[in-house]
Amino acid sequence: MFRIKLILPVIIAASGILVSTATVSAKPADSAKTKKSCNFCHVDAKTKAKELTAAGKYYHEKKTLEGYSEKK
């Protein structure tokens, strides 16, 4: 009984941490590789990290920004 009282809260806490962490597909290396800030590819890198701009969609598809031209 003592083990359950100890283990159950640990499991719940660990589950909560795993569920609440957001996965981010962009890496600092991508920013260094392209020499662009995070906001070049992401609408809002902090709150909407998964929402991509046109440049971000291009980079996600091609894995490079070479050949990308901004539409004005």
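The preceding data block contains the structure.
Rules used in this analysis
- Residues numbered from 1 in each chain as written.
- Predicted model: local features only at pLDDT ≥ 70, side-chain atom pairs only at ≥ 80, totals over all residues.
- Heavy atoms only, no water.
- Patch = residues over 30% accessible without salt bridge, like charges linked within 9 Å, V, L, I, M, F, W, Y side chains within 5 Å.
- Areas by Shrake-Rupley, 256 points an atom, 1.4 Å probe, with all protein chains shown as cover.
- Salt bridge = Lys/Arg side-chain N within 4 Å of Asp/Glu carboxyl O.
- Helix = DSSP H or I, 4+ residues; strand = E, 2+ residues; numbered from the N terminus.
- Buried < 20%, exposed > 50% of the residue type's maximum accessible area, 1.4 Å probe, protein only.
- Phe/Tyr/Trp six-rings, centres within 6.5 Å; stacked < 30°, edge-to-face > 60°.

1. Observations concerning a nonpolar patch on the surface
Alright, step 1. Among the surface-exposed residues, Met1, Ile4, Leu8 and Ile12 lie close enough to one another that they form a single nonpolar patch of about 470 Å² accessible area.
Alright, step 2. Note on placement: Ile12 falls in helix 1 (residues 2–20).
Alright, step 3. Take Ile12: its relative accessible area is 55%, and that puts it in the exposed class.

2. Some points on the packing of aromatic side chains
Alright, step 1. Using the criterion set out here, one finds 2 aromatic pairs in the structure.
Alright, step 2. Between Phe40 and Tyr68 the ring centres are 6.4 Å apart and the planes differ by 90°, which places this aromatic pair in the edge-to-face class. Remark: Tyr68 occurs in the segment after helix 4 (54–62) and Phe40 occurs in helix 3 (residues 38–41); sequence separation between them is 28 residues.
Alright, step 3. Between Tyr58 and Tyr68, the ring centres sit 5.4 Å apart and the planes meet at 50°, which makes this aromatic pair tilted.

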